[in-house]
Amino acid sequence: MNLENNSFLKPKIFFLLVVLLAIQPRLFSQKITNKDIAVKYNGNAKVEVGSPFVGVEFHHSMPVPQRISFYYPIANSFDLSTDYWKRDTTFISSLRLKINNGEEHKIGAEPFKLEVAPYYAVFSKIFKDYSVKISYNFSRNQSAAIVTYELTNLDNHSNRFEFLTQYFLTLRTCHTYDYADKIKPGFNQDKSALFVEYENRGTGNARIFIANAGERAEKCELLNEPTGIQVDNRKVENPSIKYSFKKDLAPYGKMTIVQIIGSVKPGEEQKVSKYMAHNYEREIKDYSDYVLSKNKKENEIKLNNPVMDHSVYWAKAILAANTHYIDGAFEPMPCPAEYNFFFTHDVLLTDLANVNFDLKRVKDDLTFITNHADKNFVIPHAYYWKDSTFKTEYADADNWNNYWFIILSAKYLMHSSDTTFLNRIYPYLEKSLETGLKNKDKDDLIRSYRPDWWDIGRKYGPRAYMTILAVKTLRSFNYISAMLNRNLDHLKNNEELADKLDEGLNKKLWADDVNYLMNFYEDGKRDEHFYMGSLLAAHYGLIDSARTKKLIKTVDEKLLDKNVGVYTVWPMDFNKLLEFWNFNGNEAGDPYYYINGGVWPHANAWYALALSKLNRKQEAIDFVRRTMTVKGIMNGPNGQPAMYEVRNGNSKDKNVYGTVDKPQFLWAAGWYLYDLYNIFLLNENDWNLQLNPFLPKEQKSAVFNCAINNSNLKVCIDNLNSGNYSFLYGGKIFPSMVVPQSLTGIKKIELKNGAANQPHLLSTAAILDKAEYRNKELSLEVKAFTGHKNTTAIFAAAVPKSIIAGGEKITGFKSVRKDGGFNITFKFVHNTNSSELVKIFF
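Throughout this description, residue numbers start from 1 for each chain and increase along the sequence as written. Selection of residues for local features in this predicted model requires a pLDDT of at least 70, selection of side-chain atom pairs for listing and counting requires 80 or more, and totals for whole chains, interfaces and linings are taken over all residues. For the side-chain quantities, the full set of heavy atoms in the structure was used; hydrogens and water were omitted.

1. Here we look at the overall build of the chain
The helix and strand labels rest on DSSP assignments: H or I over at least four residues marks a helix, E over at least two residues marks a strand, and numbering proceeds from the N terminus. Within the chain one finds 16 helices and 54 strands. Radius of gyration (C-alpha) of the chain: 29 Å, near the 28 Å computed for a compact globule of 842 residues. When the backbone C-alpha atoms are referred to their principal axes, the chain occupies close to 95 × 90 × 50 Å. The buried label goes to any residue with under 20% of its type's maximum accessible area, the exposed label to any with over 50%, and the partly exposed label to all in between, with areas taken from a 1.4 Å probe on protein chains only. By residue count, 60% of the 842 residues in the chain fall in the buried class. Two residues qualify as a contact provided that any one of their heavy atoms is within 4.5 Å of a heavy atom in the partner residue. In the chain, once contacts between residues fewer than 6 apart in sequence are set aside, the share between residues at least 24 apart is 67%. Surface accessibility follows the Shrake-Rupley procedure with a 1.4 Å probe radius. Residue values consider only the protein chains on display as shielding. As presented, the chain carries roughly 33,500 Å² of accessible surface, and 48% of it is formed by carbon and sulfur atoms. Computation of the radius of gyration draws on C-alpha atoms, with the globule rule given as 2.2 Å multiplied by the number of residues to the power 0.38.

Below is the structure:
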């Protein structure tokens, strides 16, 4: 049928489209756009934006950057700062404007209005007779940033605009941070592109290029002015390139200048600069589309809450943008511009969230880590370029990476069932466990030199944070080994050791006088600091509910600022203990800064997870919305669009209260997403994926894509207004909240209200192979290892007539009335390494 010529059908099709648009608008608005992510802001903000190749840093909403970092072919940066705490005072470029015969004046030395997302920034300001708009975008496939300057004449008369851009070309080398100020410049034939070679070999022979692609520069000149910086008895020079653009602009006429800044290998500069000059618009779009694709439907997290959904988009944009080129690979990096090296810790913490929906990324990251381990399977702590080659720092016994590596690997296995990969990396897991337990003493506590959770300072003693991680690590390693059928003879000893460490944590580090898990020094004296790391014990279930309540109350009294979140430590006096803790100068920061009482995203995440452990999930979500979402942070004191590394909690100083540092931080995004999965959908478990759905009181539904048995399933939560739920796997009611290993071949899980019309499994401390209910009998097939102590819970409308586990009758089960039925809990010991049958008769 030819619709084009069918006048009868045309109005009916139009009407149908109108109806569909009215009743199903989401059918036509699924695609996420830049507008769904970007934030418009008018205030004082730090900004970091970037790509896998280039990152740019700004302060005070000024459009002239303090730093540009390049990651290809190795990491270098434009940065003239000499003091980390005052790096907002130096700039790596200069902008000036002259209109007609007026005075030349600086542009960008004052705040502009801002439109920002993690992968681009637009600064704009309207002056009396003109406006300026400066955009920073990035290439998808080449190592380049694209800076676009748009100047508009707002006068009623034509005016001659002369705009001058100047870029300082001194390059800082990775890690050593040496000044590479001796350059060999060159131009292409028409001088539209500058190429810079550096004499300092620490730059890795990188070539910097600056190419013009918009208005043609009327003049360009190389300058060399002293910086005022002195290093090794020599004054650092400051070579620069200065461009002059002139144009007569009619009323509301516009001049557009496009300058492309990049870093390439020797011999690539001509080709890449030429390509970018002709294709920069397509490259900008390709990069934007790449970031937006991380929020596509198959990776959906939809809470139907505008504030929280926006932060999902923002967090996933950070995960895309904070992936940098390093030594032939693209790996996660902490923030767009300020870090030039790979940190295993940052990757592992972030992947605790990624493992819920992006198994490939997690597998790639674990592969990169093991590929850079030493010949004895010791994993790296950091990997970076230094002077002339790539260097590796390895994780020693005092390094928490040994723990997080095993914990993440266990989570990857739970979601993927990828035993082949885990068998491949198992030797690295064994070595990490061995290394992580070297500082275990006879008192069944883990000792460390560092203050709780940090990697600076040196004062040996028992640590709550390290002991918590050691317990979780031993249990995670046992799960992996049971899945792989490896080291089975040693797993009972591991379990006993984990239990002893758990007992030591509770008996020796829990302080009844302050209701908190405290640390000690080696001489037996208690460290009177309250550290946020103790909160992790609640999330991992290492302290009981009574102590969790007390711990939260202590946090509320000592560590919590309700407007910004949880301090890393209290009291904040590390700046007075430099010699005692062997700090390197004031590296811990002043009070309320950095480690010395700053507010870190994982502190907030762990506080929310502790609330969730007590089933105070509404409070947890309210706290997350207020302190961890972009809009929540913006609405706080000195708020700005950010998912930050650290925030200032000094409410006594309104000028710094709530300000952030490193505004787009990798694991801030990760912990936000981790909290969503662990509050709305999952219950933390050492042995399996346990569903535990929740919806806030104002929310009717939520959708999570969740990696289960190597498939990305859609999990739909609907109308949870009672304690009884129906669990539909692939459209069929299934008698378990624990996801079995046999669950394959389905695309959707539905969690919705329903009467307890059949018993179902709530939790079990084992791998669940199979669950089935028929003829008033709930049967479970569970696997662990010989001697493993299992606690299992079910929900049913009636108390069971009998329970048989491993062929033996359970007599001591407990029944508690709840939600119109009974929660039934029982314990048993596994008497085989294979699956055991549990039968519950009604």
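2. Examining the sheet that holds strand β18 (residues 219-231)
Spatial ordering of the open sheet is given by β7-β6-β12-β19-β18, a layout of 5 strands whose pairing is antiparallel. Pairing within the sheet leaves two strands with one partner each, and these edge strands are β7 (105-107) and β18. When strand polarity is set aside, the average angle formed by the axes of neighbouring strands in this sheet is 30°. For strand β12 (residues 159-168) and strand β19 (residues 234-249), the ladder comprises 10 bridges, and the chain directions are antiparallel. Looking at the pairing, F161 lines up with K247 of β19. One bridge is not enough; two strands pair if DSSP finds at least two bridges between them. Each axis is a line fitted through C-alpha atoms, taken for helices only over the stretch in contact, and angles between the N-to-C directions span 0 to 180 degrees.

3. Section: the side chain of R475
Considering the arrangement of structural elements, one finds R475 in helix α9 (residues 464-484). For R475, a relative accessible area of 18% gives the class buried. Residue contacts for R475: discarding those within four places in its chain leaves A498, D499, D502, L542 and D686.

4. A short note on the side chain of T173
Looking at the secondary structure, you find T173 in strand β13 (residues 171-173). Since its relative accessible area comes to 2%, T173 is described here as buried. In this structure, T173 is in contact with A75, N76, D178, N200, G202 and T203, ignoring residues within four places of it in sequence.

5. Considerations on the pairing of strand β11 (residues 144-153)
In terms of burial, β11 is largely enclosed, as 9 of its 10 residues are buried. Judged from the 9 bridges that link them, strand β10 (residues 130-138) and β11 form a sheet pairing that is antiparallel. Residue pairing in the sheet places S131 in a bridge with T152 of β11. From the end of β10 to the start of β11, which pair antiparallel, there are 5 residues.

6. Topic: the environment of T786
Relative to the helices and strands, T786 is located in the loop between β48 (777-783) and β49 (789-796). Residue T786 is classed as partly exposed on the basis of its relative accessible area, which comes to 39%. Taking the C-alpha atoms as reference, T786 lies 46 Å from A321; in sequence the two are 465 residues apart. Other than its neighbours up to four places away in sequence, T786 contacts K492, H830, N831, T832 and N833.

7. Re the pattern of salt bridges
One side chain can pair with another of opposite charge once the charged atoms of both are near each other. Salt bridges are counted wherever a side-chain nitrogen of Lys or Arg sits within 4 Å of a carboxyl oxygen of Asp or Glu. If you walk through the whole model with that rule in mind, you get 44 salt bridges. Note that K360 is salt-bridged to D364, the shortest N-O span being 2.8 Å. Placement of the pair is K360 and D364 together in helix α6 (residues 359-371), with a separation of 4 residues, close to one helical turn. For the salt bridge of K472 with E684, the shortest nitrogen-to-oxygen distance reads 2.5 Å.

8. Some points on a nonpolar patch on the surface
Patches in this entry comprise residues that are over 30% relatively accessible and not in a salt bridge; like charges within 9 Å are linked, as are nonpolar side chains (Val, Leu, Ile, Met, Phe, Trp, Tyr) within 5 Å. A surface patch of nonpolar side chains, about 280 Å² in accessible area, is lined by Y84, W85 and Y593. Summarising the element assignment, Y84 is placed in the loop between β5 (76-79) and β6 (93-99).

9. Comments concerning the packing of α6 against helix α8 (residues 419-436)
Between two packed helices, what matters for the description is the angle formed by their axes and the separation of those axes. It is at 11 Å that the axes of α6 and α8 come closest, and there the two elements cross at 35°. Considering only the axes of α6 and α8, their crossing is left-handed. Here α6 contributes K363, L366, T367 and T370 to the contact with α8, which in turn contributes F421, I425 and Y428. Polar here means any residue other than Ala, Val, Leu, Ile, Met, Phe, Trp, Tyr, Cys and Pro, which are nonpolar, and Asp, Glu, Lys and Arg, which are charged; Gly is therefore polar. Of the residues belonging to the contact of α6 with α8, the class tally is 4 nonpolar, 2 polar and 1 charged. The hand of a helix crossing depends on one turn: near helix anticlockwise from the far one by less than a right angle means left-handed, and clockwise means right-handed.

10. A word on the sheet that holds strand β46 (residues 760-764)
Strand order in the open sheet formed by 4 strands is β46-β49-β53-β52, with antiparallel pairing between adjacent strands. Looking at strand neighbours, the two that pair on one side only are β46 and β52 (814-818), the edges of this open sheet. Taking the axes of each pair of neighbouring strands and ignoring which way they run, one obtains an average angle of 25° across the sheet. As defined by bridge partners, β49 adjoins strand β53 (residues 821-829) across 8 bridges and the pair is classed as antiparallel. If you follow K789 over to β53, its bridge partner there is V829.

11. Re the confidence of the model for the chain
Atom-level detail of predicted coordinates should not be read off regions where pLDDT is low. Residue-level pLDDT values for the chain average 93, and 95% of them are 70 or greater. Low confidence marks residues 1-29, where pLDDT is under 50. Its contacts with residues over four positions away, or in another chain, come to 11 contacts. Here pLDDT means the predictor's own confidence in every residue, given as a number from 0 to 100.

12. Description of the packing of aromatic side chains
Side-chain rings of Phe, Tyr and Trp, where Trp is taken by its six-membered ring, are said to pair if the distance between their centres is within 6.5 Å; with planes under 30 degrees apart they count as stacked, over 60 as edge-to-face, and otherwise as tilted. According to the stated counting rule, one finds 62 aromatic pairs in the structure shown. On the basis of an interplanar angle of 80° and a centroid distance of 5.7 Å, the ring pair of Y567 and Y592 is categorised as edge-to-face. Here the residue Y567 occupies a position in the loop between β35 (565-566) and β36 (569-570), and Y592 occupies one in the loop between β36 and α13 (601-613), the gap between them amounting to 25 residues. This pair shows no difference in class: Y567 is buried, exactly as Y592 is. Ring geometry for F680 and F694: centres 6.0 Å apart, planes at 50°, overall tilted. Taken together, the positions of F680 in helix α16 (residues 666-681) and F694 in the loop between β40 (690-691) and β41 (701-708) put the pair 14 residues apart, joining distant regions of the chain. Of the residues examined, F694 reaches a relative accessible area of 14% and is grouped as buried. By definition, being over a ring means that NZ of Lys or CZ of Arg is both within 6 Å of the ring centre and within 35 degrees of the ring normal. Between the NZ or CZ atom of R87 and the centre of the ring of Y84, over which it lies, the distance is 4.2 Å.

13. Digging into helix α5 (residues 344-354)
Counting buried positions along α5 gives 11 out of 11 residues, so the element sits mostly inside the fold. Within α5, burial applies to T344, H345, D346, V347, L348, L349, T350, D351, L352, A353 and N354.

14. Overview of the packing of helix α14 (residues 617-627) against α16
At a closest axis distance of 11 Å, the pairing of α14 and α16 adopts a crossing angle of 165°. For the element pair α14 / α16, the angle class is roughly antiparallel. For α14 against α16, the interelement crossing comes out left-handed. For the pair formed by α14 and α16, the contact residues are K617, A620, I621 and V624 on the first element and Y672, D675, I679 and F680 on the second. Here the residues of the contact of α14 with α16 are counted per class, giving 6 nonpolar, no polar and 2 charged. The cut-offs work like this: below 35 degrees is roughly parallel, past 145 is roughly antiparallel, 65 to 115 is roughly perpendicular, and the gaps in between are oblique.

15. Examining helix α10 (residues 491-509)
To estimate the expected span of a helix, count its residues, drop one, and scale the result by 1.5 Å. Taking 1.5 Å as the rise per residue, α10 with 19 residues should run 27 Å; its terminal C-alpha atoms sit 26 Å apart, in good agreement. Taken together, the buried positions of α10 are occupied by L491, N494, E495, L497, A498, L501, D502, G504, L505, N506 and L509.

16. Description of the environment of S139
Positionally, S139 belongs in the loop between β10 and β11. With near-sequence residues (within four places) excluded, S139 lies in contact with S51, F53, A144, I146, M276, E283 and Y287. Whenever two N or O atoms come within 3.5 Å, that pair is a polar contact, provided that in protein one can donate a hydrogen and the other can accept it, and provided that, for residues adjacent in sequence, both atoms are side-chain atoms. One polar contact links the side chain of S139 to the main-chain amide nitrogen of Q142, over a distance of 3.0 Å. A polar contact of 2.6 Å, which involves the side chain of S139, links it to the side chain of E283.

17. Thoughts on the pairing of β41
Along β41, 8 of the 8 residues are buried, which leaves the element largely enclosed by surrounding structure. Because side chains alternate across β41, one face comprises the buried residues S701, V703, N705 and A707, and the other comprises A702, F704, C706 and I708, equally buried. As defined by bridge partners, strand β21 (residues 301-302) adjoins β41 across 2 bridges and the pair is classed as antiparallel. Looking across to β41, one finds that I301 is bridged to F704. Inspection of the sheet shows β41 paired to strand β42 (residues 711-718) by 8 bridges, in the antiparallel sense. Residue pairing for β42: I708 is matched across the bridge by S711. In this antiparallel pair of consecutive strands, β41 and β42, the connection spans 2 residues, and N709 shows a positive phi of 50°.

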